[in-house]
Amino acid sequence: MGTNVANKEEDAKTDSDDDAPVYNPKNLPLGWDGKPIPYWLYKLHGLGIEYKCEICGNYSYWGRRAYERHFQEWRHSYGMKCLRIPNTVHFKEITSINDALALHQKLLMDSDVYRFKPEVEEEFEDSDGNILHKKEYLDLKRQGLL
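Parameters at a glance
- In every chain, residue numbers begin from 1 and rise along the written sequence.
- Per-residue local features of the predicted model are confined to residues with pLDDT of at least 70, and side-chain atom pairs are confined, for both listing and counting, to 80 or more; whole-chain, interface and lining totals are unaffected and use all residues.
- No hydrogens and no water enter the side-chain calculation; it runs on all heavy atoms of the structure.
- Put simply, DSSP marks the helices as runs of H or I at least four residues long and the strands as runs of E at least two long, and each gets a number from the N terminus on.
- Burial here depends on accessible area, computed with a 1.4 Å probe over protein chains only, as a share of the maximum for the residue type. Under 20% is buried, over 50% is exposed, and the range in between is partly exposed.
- Whether two residues touch is decided by their heavy atoms; if any such pair falls within 4.5 Å, the residues are in contact.
- Here the accessible surface of atoms and residues is derived via Shrake-Rupley with a 1.4 Å probe, and residues count as covered only by protein chains that are part of the display.
- The working definition used for a salt bridge is a side-chain nitrogen of Lys or Arg within 4 Å of a carboxyl oxygen of Asp or Glu.
- A pair of Phe, Tyr and Trp rings is counted when the ring centres sit within 6.5 Å of each other, with Trp represented by its six-membered ring. The angle between the planes then sorts it: under 30 degrees is stacked, over 60 is edge-to-face, the rest tilted.
- One requirement defines pairing of two strands: DSSP has to find at least two bridges between them.
- Take the buried Ala, Val, Leu, Ile, Met, Phe, Trp, Tyr and Cys residues and link them wherever side-chain atoms come within 4.5 Å; each set so joined is a nonpolar core.

*Asks:* When you look at the overall build of the chain in this model, what are you seeing that I'm missing?
*Replies:* Scanning the chain from terminus to terminus reveals seven helices and four strands. Seen in sequence order, the chain has helices and strands lined up from the N terminus as α-α-β-β-α-α-α-α-β-β-α. Considering the chain as a whole, with its 146 residues, one finds that 16% of them fall into the buried category. The long-range share in the chain, meaning contacts at least 24 apart out of those at least 6 apart in sequence, stands at 15%. Summing over all exposed atoms, the chain offers an accessible surface of approximately 11,800 Å²; the carbon and sulfur share of this is 54%.

What follows is the structure, encoded as structure tokens:
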């Protein structure tokens, strides 16, 4: 009987060791096993660096990897949608609302420059195979030269 009581006491001690709070003085993130990750790994991944995104509602991302990954996540996409800006690759690394709006305006202006303008760029071909701008072609046609 003495051995059964001793075994039960040892089992109770090992169970209480598992339930004891983990010693974590540097407040490191927990790994898959529930224990803090090594400090060198914490520093290697830059998990001590905080990145804030104003578009996401000033949400904080700890580490470069989490920060870069958040640009494809729902929170950032929703913030961009609320600003009426498409969440494209042009806006990667942009976390300020003012910067995003300024870049969006610049992209809209640039797209207007490269947009096809039919009144200026439309071309016609006459019966001889000559290519003329629309205005020249219509003037020559009115004069009866074509």
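*Asks:* Please clarify how the side chain of His104 should be interpreted in this entry.
*Replies:* Checked against the element boundaries, His104 lands in helix α5 (residues 97-114). When its relative accessible area of 15% is taken as the criterion, His104 is described as buried. Here His104 is in contact with Arg84, Ile85, Pro86 and Phe91, once residues within four sequence places are set aside.

*Asks:* Please explain the side chain of Ser96 as it appears in this structure.
*Replies:* When you line up the elements, Ser96 lands in the loop between α4 (74-82) and α5. With sequence-adjacent residues up to four places away left out, Ser96 is seen in contact with Glu54 and Ile55.

*Asks:* Whenever I open this one, the pattern of salt bridges confuses me. Can you help?
*Replies:* Pairing between side chains of opposite charge can happen when the charged atoms of each approach one another. Scanning all chains against the criterion turns up seven salt bridges. With a shortest N-O distance of 3.0 Å, Arg115 and Asp112 are connected by a salt bridge. Look at Arg115 and you get partly exposed, because its relative accessible area is 48%. One salt-bridge network, in which partners are shared between bridges, spans Arg64, Glu68 and Glu93.

*Asks:* So what exactly am I meant to see when it comes to the packing of aromatic side chains here?
*Replies:* Aromatic ring pairs are defined here through the distance separating the ring centres and the angle between the ring planes. Applying the stated criterion across every chain yields a total of five aromatic pairs. With a centroid separation of 5.2 Å and an interplanar angle of 75°, the aromatic rings of Tyr67 and Phe71 are classed as edge-to-face. Overall, the relative accessible area of 3% leaves Phe71 in the buried class. Here Phe124 and Tyr137 contribute two aromatic rings whose centre-to-centre distance is 5.0 Å and whose plane-to-plane angle is 10°, an arrangement assigned as stacked.

*Asks:* Explain the pairing of strand β2 (residues 59-62) here, please?
*Replies:* In the case of a regular strand, side chains alternate between the two sheet surfaces. Bridge analysis of strand β1 (residues 50-53) against β2 gives four bridges, and the strand direction is antiparallel. Bridge pairing in β2 places Tyr51 opposite Tyr61. Where β1 hands over to β2, the hairpin turn is made up of five residues, of which Gly57 adopts a positive phi near 85°.

*Asks:* When you look at unusual backbone geometry in this model, what are you seeing that I'm missing?
*Replies:* Note: most peptide bonds trans; most residues except glycine with negative phi. Even without glycine at this site, Asn27 takes up a positive phi of about 55°. Along the chain, the position of Asn27 falls in the loop between α1 (2-19) and α2 (39-44). Looking at Asn27, the relative accessible area reads 67%, which means it is exposed.

*Asks:* What should I look at first to understand the nonpolar core in this one?
*Replies:* Looking at soluble globular proteins, one finds that nonpolar side chains tend to be buried together. Counting residues in hydrophobic clusters, the biggest one holds ten residues: Cys53, Ile55, Cys56, Tyr61, Tyr67, Phe71, Met80, Ile85, Phe91 and Ala100. Once you skip the residues sitting within four places of it in the chain, Tyr61 turns out to touch Ile49, Glu50, Tyr51, Cys53, Cys56, Ala66, Tyr67, His70, Glu73 and Arg75.

*Asks:* Would you explain the environment of Thr95 in this entry?
*Replies:* Structurally, the position occupied by Thr95 is in the loop between α4 and α5. Between the C-alpha atom of Thr95 and that of Asn58, which follows or precedes it by 37 residues, the distance is 9.1 Å. Ignoring any residue separated from it by four or fewer positions in sequence, one finds Thr95 in contact with Lys52, Cys53, Glu54, Ile55, Tyr67 and Phe71.

Keep in mind that these numbers describe shape and distance, not what the molecule does.
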